Structure formats: structure tokens, C-alpha cells
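Residues per chain, in single letters:
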Amino acid sequence: TSTGSGNWSVPATWSCIGLPAATVPGIADAVVIANLNPAHTVTVDVNSAAASITFPSGNRSSTLQLGPAITLSVAGAVTINGPTGAATKSMNVGSGTLSAGSISINGGGAAGRTAQMTVSTGTITTTGSITFSGTATDAALISTGASAINIGGDLGNGGTLTTGGTGTINFNGGTLRASAASSN
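Computed from a predicted model, the values in this text were never measured in an experiment.

**Student:** Which residues make up the environment of L64, and what are the values?
**Tutor:** Topologically, L64 is positioned in strand β6 (residues 62–66). Classification of L64 as buried rests on a relative accessible area of 0%. In this structure, the C-alpha to C-alpha distance between L64 and N92, residues 28 residues apart in sequence, is 6.2 Å. When neighbours within four sequence positions are excluded, L64 is seen to be in contact with W8, I33, V42, V44, I53, F55, L72, S90, M91 and N92.

**Student:** Give a detailed account of unusual backbone geometry, specifying residues and quantitative values.
**Tutor:** Residue P38 is reached from N37 by a cis peptide bond, and omega for that bond is 5°. Turning to its location among the elements, P38 is positioned in the loop between β2 (30–32) and β3 (40–44). Within the chain, A69 stands out as a residue other than glycine whose phi angle is a positive 60°. With respect to the secondary-structure elements, A69 resides in the loop between β6 and β7 (71–81).

Calculation notes
- Residues numbered from 1 in each chain as written.
- Predicted model: local features only at pLDDT ≥ 70, side-chain atom pairs only at ≥ 80, totals over all residues.
- Heavy atoms only, no water.
- Helix = DSSP H or I, 4+ residues; strand = E, 2+ residues; numbered from the N terminus.
- Buried < 20%, exposed > 50% of the residue type's maximum accessible area, 1.4 Å probe, protein only.
- Contact = heavy atoms within 4.5 Å.

Structure, rendered in C-alpha cells:
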């Protein structure tokens, strides 16, 4: 569980229950980007892996961002739960590479309670589906550049897909469900 802003590779950024004190999350760990006051950002600064990543709901903003050219491999689900108050829960892939078993983006159920995943020139690959729930405008997948999004399952409905660059979305076995809003 994150304890505040910092780099993924720094043990002080984490409270790893049941593990030695000087430990950062690894391939077998369920990572939680905590709902803390003040809002915080964890930066993946080295190639890393986790079993799953979850942003719990709550009334605070939190961000997980990948550094340039960094790879984060998640064997299971990435789940971004929407805030319970006016805040943003965000996973920013940027120019990095994210691979995940599945991605779930769950808007907070009211305006201004945003859950989002963004990518600019990086790559997102999921062997499963990308799903959305909550308020469609507050559950967002945003591509702003020459990104690649590779989806092994379905791209669900109920969210907002925004494309603003020359990016590509590849469906490798799934289907596109009607999105609430999309642009390019």
C-alpha cells in the first residue's frame, strides 16, 4: 500500500504488510494506491511488476504514473475505483508500457468523481477486457498521442474513450461495445 508520494523503487513509498521493512512491491504483490490526505503520486521509475493494482474509492485524488520508457507488468487486474467526492484517481502510462490481465475503470457515480487511464506515446496491452462503470463521463480512457492500445478481450461500454492523436487501438479477439463518448 502506498504511504505517500514517491518513486516505486523507494521502500519509504510503501507499507508492505507481512514483508521486511525495506521492501518495494514485486511480481507477487497486490498493490494499493491509497486514498490519502494530501493527494499523492507514485512514479514507476524502474521496470516493475505486480500481481494486481487497485485504487480504492475514497474522497482523495491519487495518481500512479509510469516514467518515460518504463514497463509495468501486472499479471492480474488494474482496477481504478472512482472517488466518493470531487477528486481524480488516475493511472498515467505516458510514454511507458503497461501490460495487464484486465483493466477496470469505475467512475465515481457523480460529476467530478473521475477515474481515468491516460497514455500519450506509450503502449497499453491487456490480455483481457477494458471495462467501465459509474458515470460515463467520469470513467475515461484517454489517448493523446501516437499510442498503441492492444485489447485481448472486449472494450466495454459505459465509459468515455477519447483519442486525440495518431494512436491505434487493436482488438485481438474481443469486440468494441458502444462507448458513451469518443472522439479523435
